[in-house]
Structures are given as C-alpha cells and as structure tokens.
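Tertiary structure, described
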Amino acid sequence: MPQKTRVPAVEGWFTMDDGQPSLIGSRCTDSGSYFFPKEMEHSRVPGFGDSKLEEVNLSRTGTLWSWTDAAYAPPPPFVAQDPHVPFAIAAVELAEEQMVIMGQVATGISVDDLSMGMEMELVLETLYEDDDNEYIVWKWKPTGSVASTGDDS
Amino acid sequence: MGVETIADEAIAVAGVGMHPWGKWGRNFVEYGVHAIEAALADAGVAWSEVQFVAGGGTVRNGYPGYVAGATFAQAMGWTGVPISTSYAACASGVQAIQSARAQILAGFCDVAVVVGSDTTPKGFLKPNEGGSGTDPDWLRFHLMGATNPTYFGLYARRRMELFGATEEDFAQVKVKNSQCGATNPNARYNKAFTLEEVLASPMVASPLRLLEICATSDGAAAMVLVSAERARKMGLKSPVRVTGVSTVTPTYPNSVIEMPNFSTDSATGVADPGPTFRDSIAAAAYEQAGIGPDDLDLAEVYDLSSALELDWYENIGLCKEGEAEKMLRDGDTSLGGKCPVNPSGGLGAFGEAVPAQAIAQVCELTWQLRGQAGERQVEGAKVGLTINQGLFGHGSSVICQS
C-alpha cells in the first residue's frame, strides 16, 4: 500500500516536527501576553489593541492542571473509532506563558496514569485517517513515559 | 416613603409559568406558548396588554429554528408588539430577562413577557452542522473530542485534588437534588436516587458519572415582568421583585479553562484581574441588589454536573474556596439547611433546555419567595439568587426579593 500523507488536522496550530513539536501561538509584544490559538490581527489584552503580534512556538512542556476522559464516543465532528476507544484529555499549565492548554492525552495513557502537577510534554499523533491522509494532532504525554504511539507505525 | 432606592423601583414578577421538562419531541413553539399562557394566567394579564416580548434564543431544532421573540409574538397572535431575541448559550434566559428589565426601567414599556423554550436532541449537545475550522466550538469536538462533560470532568478532578472532594460528595449532590426534584411537577426526573445508584451509574467523564451530568431536555419557562408602578396599579401585594441582574463577561486574563476554548488567557505581562470570572458573576448581582451572600435564603445554581454545584457555593460566597464539601456534608445546602441550594431539583432533575433554563431558575425563586413551592418550600424564603454561565463567556445571575 502506498504511504499515506501526514497532514495537520488543523492548519497552523502546531509544528509538524516529530521530534520536538510545538504549539504555535502568538505574543502581544507590548504586554508580553500570549495567545493560543494564535491571534494575529488584534491583541486581546485590553488597551493593547495597537500592539504588534508575533508568531511564537509555545513551551513544549508544562504541568498537569487537571484531567478527565471520554468514556463514550464524542459526537461528530469528532471522528470516532468503531468501537470507541476511551481516551484521556488533559489541561496543562505552561509556566512561561501562564496559560492552560487542553489536548488529548497520548494513546495508551489512561486517567489512572496521571497525577496532579506531573510534567507533560507535547507530542504528535494521528487523530484519524482516510484513504489518502493521516490527520495529525497535538497530544499531551507524561514526560519520559513510554506509551504506545497508537496506529502511527 | 424615604429615599427612593433601586430596590423600591425594582421591576416586579407578576407571573411565572412553565411547560414541564421532558423529552416530548414536539416543536419548541408549542412549549413556549404553553409557558406564556401559564405566566399570563398567573399574572392575570391578557396577551393584548403585553408591550414587549423578550425571547431566549432557541439553540437548535424546531421551525423556525433560531428565532425566538418574534416566533412567540406570532404564535400568541401578532399584536405589533416589539420584541428582542437574546442568544447567550446557557445564559440566554437571563439576557432575555435583562432585555425586558431594561425596556421597563427605561420607561419604554411596563408589561413585558420573557420566554425561553427549546427542543433538544438526544445525547451530547454538539456543534451545529456546517461548522468550520474557524469555529472554536466545532474545532474542540473535532480536534480533541472535548464534549461539555469534558470540561465538567476537569473541574471535578481539580476539586478532588485541591480540596479533597470525593466521588461520594459528587454523588451526594445528585441525591440531595433528586429528593427535591421528585416533588417538583415541572421536573423531568421524579425519582429520588440513592448514593449507591448514583455511584453505580457508568463513568462518562472521569470522575463524573452518568447520573451526575445533566441531560438535555425539552421545556419552556416564561415570566410576566412589570414596572413597580404597574405592580402597584395591579394591586400586587409584596410582589417578588427583581433587584439584581448580572450579565457580566470575564476580565482579561480569564485564567480558568472554559467551554469551548482550547486554552485560558495568558496571565503573562498583565495585571492580576482579581476575582475569577465565576466569582464576578454573583458579585455584580449582589452589588446591584445591595445585599450579600449572608442575606440569601436559597440559591438556584447551574449544576451542569453535580461537582459544579460545589464550585458555585464558593463562587456565590456561601463559603470560602475549598469549603463547599463541608457545607454539603453538614447539610447546610439541603432543604431545611442554612441556605438550601437547588430546591427545584436543579438541572440534575430537569435536564437542560438551554434558553429556558435560566428563566426556570427565576420561576423557582418566585414560587419559593411567594411560599408556593409545596413540599420543596424553603421555610420563610425572602431572598434568593440564581447563577449560571453560558459558554463563550456569558455570566448570568438574578437576585429576587419579596
């Protein structure tokens, strides 16, 4: 079978660097505040509407703020597997940016593997695929944990 | 009479009415008309006397779809009455109340109808079809599979980790509310659940179980609001008055993750905004009414999940952060306790009919403050507060006093 093309499930939200992927945000240069998803037209910091906005890669690691899971298949537009495979979802706090960013937790890691404040790093995994493409998304994974990379291989 | 205060001239609730919550599968217009007729009858006001109709925007389903104010003006019989339609997700109902209240306080009218009604689909609330890569609500489902219970689960887990909440606490909220809901003729679920039954229900969004997450329901609620002067002319004796309405949005940086967002605001480089968004919602209502949490006899809070009810105890100032579990365990928020919360049965007993729910909360305050709440009556209730939050940053809170 020909190899499928790896494409981001959403354009411009993260780098497609498998080794050290980053979420792509933006920074209000006058206030120093960050935005994710990136805001390039108008700073959302009150009083800083004239500030320049620059695209930045956000911190690749953070600490676990809270977590949950999806025991039932989410409805469309989520592309669920059949049968549904439960997955965990994390909210991770980035120190430099002082913001919390959500994402699915890497395949094979359940809520029982997670604990408050643990360090999490950004990874890329396949979210779903069709005949031609694998659609890639960011996920959070406990730093240093060895988890299945799902059906990426 | 002394100096005229806002409270003296506060608008009055002349009538309230509902269509019972359920899964009826009919057109939302039908439920709304039923609720309006009930509210008009309760007020002793004829449709022809209504000078303004404020509708909470219908979210999905049911011809004519997204329209509300005009839909009900048409269904009741066109009289040329001016209308407004407010969409603010779960907070739509209070935006409609505020719309009618502003019209009355501005002197544009003195009798207004507020109505919210909806028919909901089965299962998770989900984004509308035809969404795209620019709609955060569509994207959070598509990219993360993050449903509404996902966010409730995040908050609940954090309560367990920070404040020692237990799964039994969350289940106990459902038990408490279901006991009230069992006696409420407008509630959808009339079963009083046991702790064991709640804890045996399947996990949906860890640590939250099926019976701890509110369902989606069909239902409608309506109110007849009148000016203070009109209330006097109608001869209403000590009517329930609306003395505070809050429709605040967050202050940057909003540091709590909220539906449908992927992230919080960044606190880097900006001043601490002070109270959290949820704390600020009730604060604005208290300030308008000139009262505080100690004055409350009851509260109706938006228990989208049983754990979220505990957050609200703190957000409305019933206790300090981290003390909600103690209030619950001590029975302070049960019927007969210091400040009963959700004597209606809450969303746990109703399921959510989005544009109607925040209005339904105020209907409950009205019945409670009139002493008409039957078996779920809070003894001697004089002051009540509702609170709710709609996704996309919509705060809403109403204070009623008799």
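Residues numbered from 1 in each chain as written. Chains lettered and ligands numbered in written order. Predicted model: local features only at pLDDT ≥ 70, side-chain atom pairs only at ≥ 80, totals over all residues.

1. A few points about the overall build of chain A
Within chain A, the secondary structure is distributed over zero helices and nine strands. When its C-alpha atoms are laid out on the principal axes, chain A stretches across 50 × 40 × 30 Å. Within the span of chain A, comprising 153 residues, buried residues form 39% of the whole. Sequence-distant contacts in chain A: of pairs separated by 6 or more residues, those separated by 24 or more amount to 55%. (Helix = DSSP H or I, 4+ residues; strand = E, 2+ residues; numbered from the N terminus. Buried ≥ 20, exposed ≤ 12 C-beta atoms within 10 Å, placed from the backbone. Contact = placed C-beta atoms within 7 Å.)

2. Quick word on the nonpolar core
Ala90(A), Val114(B), Ala222(B), Met223(B), Leu225(B) and Ile359(B) are the most contacted members of the largest nonpolar core, which totals 169 residues. The element best represented in this core is helix H13 (residues 354-370) of chain B, accounting for ten residues. Viewed by domain, this core spans two of them, domain 1 (1-12 + 59-153) and domain 2 (24-57) of chain A, each represented by three or more residues. Beyond its immediate chain neighbours, meaning those up to four positions away, Leu225(B) contacts Ile11(B), Val13(B), Ala14(B), Ala100(B), Arg101(B), Ile104(B), Ala112(B) and Val114(B). (Core = buried A, V, L, I, M, F, W, Y, C linked by C-beta atoms within 7 Å. Domains from an automatic or database assignment.)

3. Here we look at helix H6 (residues 167-181) of chain B
Residues and elements named next belong to chain B. Across its 15 residues, H6 extends 21 Å between first and last C-alpha, which sits within 8% of the 21 Å expected from 1.5 Å per residue. Counting buried positions over the 15 residues of H6 gives twelve, a clear majority of the element. The elements touched by buried residues of H6 are helix H5 (148-163), helix H7 (195-200), strand E6 (208-209), helix H10 (306-315), helix H11 (324-329) and helix H12 (346-350). (Expected span 1.5 Å × (residues − 1).)

4. Considering the interface of chain B and chain A
Listed per partner, the contact involves 38 residues of chain B and 39 residues of chain A. For the side of chain B that touches chain A, the secondary structure elements donating two or more residues are helix H4 (136-144), H5 and strand E5 (203-205) of chain B. A per-class count over the side of chain B that touches chain A returns 19 nonpolar, 14 polar and five charged. (Nonpolar A, V, L, I, M, F, W, Y, C, P; charged D, E, K, R; others polar.)

5. Looking at the pairing of strand E4 (residues 111-118) of chain B
Residue and element names in this part refer to chain B. Counting buried positions along E4 yields eight of eight residues, so the element is predominantly enclosed. Side chains of E4 alternate between two faces, with Val111, Val113, Val115 and Ser117 and Ala112, Val114, Gly116 and Asp118 buried alike. Relative to E4, strand E2 (residues 52-56) is paired through five bridges, and the arrangement is parallel. Of the residues in E4, the one forming a bridge with Val53 is Val113. Here E4 runs beside strand E7 (residues 218-226); their pairing, made up of eight bridges, is antiparallel. Considered in E7, the bridge of Val115 is made with Ala222. (Pairing = 2+ DSSP bridges.)

6. Quick look at the sheet that holds E7(B)
Residue and element names in this part refer to chain B. Spatial ordering of the open sheet is given by E3-E2-E4-E7-E1-E8-E11-E10-E9, a layout of nine strands whose pairing is mixed. The open sheet terminates on both sides in strands that have one partner only, identified here as strand E3 (83-86) and strand E9 (298-301). Between one strand axis and the next, the sheet turns through 25 degrees on average, direction left out of account. As judged from the eight bridges shared by strand E1 (residues 11-22) and E7, these two strands associate in the antiparallel manner. Across the sheet, residue Ala12 finds its bridge partner in E7, namely Val226. Where helix H1 (residues 28-43) meets the sheet, it contacts E1, E4 and E7, and its direction lies at approximately 140 degrees from that of E1. (Axes fitted to C-alpha atoms, helices over the stretch in contact; angles between N-to-C directions.)

7. Some thoughts on the confidence of the model for chain B
Residues and elements named next belong to chain B. Here chain B averages 93 in pLDDT, while 95% of its residues score no lower than 70. A low-confidence stretch, residues 1-5 (pLDDT under 50), is modelled with one contact involving residues beyond four sequence positions or located in other chains. Listed scores for the predicted complex are pTM 0.94 and ipTM 0.94. (pLDDT = per-residue confidence, 0-100.)

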